[in-house]
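So you can see what is in the structure, the chains are spelled out below.
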Amino acid sequence: MEIEGKEEPVTACTTPVAEGMVVNTKGAKALRLARTALELLLASHPVDCANCLKNGSCELQKIAKHLGVKLKTKRFKKILPELPIDSSSPLFIYDPNKCVLCGRCVWVCQEKLSKGIIGFAYRGFRRMVTTFGDEPLGRSLCQDCSECVAVCPVGALAFRKIM
Ligand code: SF4
Ligand code: SF4
């Protein structure tokens, strides 16, 4: 976001509110940074909305529309993770390739429910949400409460379709 009187944009999540602060989230500089951040994220995202369980309710789709960015943007070279999909739960699918590392699922499991079944592991491009020992969720201590699925903004954690 941009703050009146400051030359460069700042991160909204780390900037404390101050008396008289005038904020602009739609300034040219802030929007250019937001678009670039999204395009970098999309460079490692397997965009296949037609076959995705979250098609139509995906926050990545909403943000792309809001910022006027094409989901299949070619601005940056595409590098995909190609991790195995975990379909061991009877209720939901976990596709780590679609994860945007927002941390909502980890927060729910660790902080809200005090279960700690899932957490972040590895570094850099290999960073991912997983279980202890990378056990599939269906073979871990997970009891399919599905609260993580409910908060996932994209198709990484998604309920199976009921036939
Ligand atoms: S997670 Fe969203 S952007 Fe990605 S394939 Fe699914 S619907 Fe499309
Ligand atoms: S809520 Fe979904 S996108 Fe966010 S870290 Fe968990 S699996 Fe990834």
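If you're wondering where the values come from, they're calculated on a predicted model, not measured in any experiment. (Residues numbered from 1 in each chain as written. Chains lettered and ligands numbered in written order. Predicted model: local features only at pLDDT ≥ 70, side-chain atom pairs only at ≥ 80, totals over all residues.)

1. What to know about the overall build of the protein
From N to C terminus, the protein includes four helices and six strands. When the helices and strands of the protein are read in sequence order from the N terminus, they spell out β-β-α-α-β-α-β-β-α-β. Taken along the three principal axes of its C-alpha coordinates, the protein extends 55 × 35 × 30 Å. When burial is assessed residue by residue, the protein has 22% of its 163 residues classed as buried. (Helix = DSSP H or I, 4+ residues; strand = E, 2+ residues; numbered from the N terminus. Buried ≥ 20, exposed ≤ 12 C-beta atoms within 10 Å, placed from the backbone.)

2. Digging into the site of ligand 1
In the vicinity of ligand 1 there are 14 residues, among which C49, C52, C58, V154 and G155 approach most closely. Taken together, the residues of the shell around ligand 1 break down into seven nonpolar, four polar and three charged. Each of domain 1 (1-80) and domain 2 (81-163) accounts for three or more of the residues forming the shell around ligand 1. (Near = placed C-beta within 6 Å. Nonpolar A, V, L, I, M, F, W, Y, C, P; charged D, E, K, R; others polar. Domains from an automatic or database assignment.)

3. Some remarks on the domain arrangement of the protein
Assigned domains of the protein: these are domain 1 (1-80) and domain 2 (81-163). Taken together, the contact between domain 1 and domain 2 spans 11 residues of the former and 12 residues of the latter. Its residues assigned to classes, the side of domain 1 that touches domain 2 comprises seven nonpolar, two polar and two charged. (Contact = placed C-beta atoms within 7 Å.)

4. With respect to the pairing of strand β5 (residues 128-131)
Along a regular strand, successive side chains alternate from one face of the sheet to the other. Bridging between strand β4 (residues 118-121) and β5 involves four bridges; their strand directions are antiparallel. From the neighbouring strand, I118 faces β5, where its bridge partner is T131. With antiparallel pairing between neighbouring strands as the criterion, β4 and β5 make up a hairpin whose turn holds six residues, including Y122 at a positive phi of roughly 65°. (Pairing = 2+ DSSP bridges.)

5. Some points on the site of ligand 2
The environment of ligand 2 is formed by 14 residues, the closest being C99, C102, C105, C152 and A156. For the shell around ligand 2, the class distribution of residues is 12 nonpolar, one polar and one charged.

6. Considering the nonpolar core
C105, C148, C152 and L157 are the most contacted members of the largest nonpolar core, which has 25 residues in total. For this core, the secondary-structure elements that each account for two or more residues are α1 (28-42), α2 (59-67), β3 (92-94), α3 (104-112), α4 (147-151) and β6 (157-159). A per-element tally of this core places β3 first, with three residues. Of the domains in this structure, domain 1 (1-80) and domain 2 (81-163) are the two that each give at least three residues to this core. Not counting the four nearest positions on each side in its chain, C148 is found in contact with C105, V108, C109, I118 and L157. (Core = buried A, V, L, I, M, F, W, Y, C linked by C-beta atoms within 7 Å.)

7. Quick look at the packing of α1 against α2
At a minimum axis separation of 10 Å, α1 and α2 run at an interaxial angle of 145°. Helix-helix and strand crossings are classified by hand; for α1 and α2 the assignment is left-handed. Counted together, L31, A34, R35 and L38 of α1 and I63, A64 and L67 of α2 form the full contact between these two elements. (Axes fitted to C-alpha atoms, helices over the stretch in contact; angles between N-to-C directions. Left-handed = near helix turned anticlockwise from the far one by under 90°.)

8. Description of the environment of P81
Relative to the helices and strands, P81 is located in the loop between α2 and β3. Between the alpha carbons of P81 and F125 there is a distance of 7.9 Å; along the sequence they are 44 residues apart. If we skip the residues at most four places from it in the chain, P81 touches S44 and N97.

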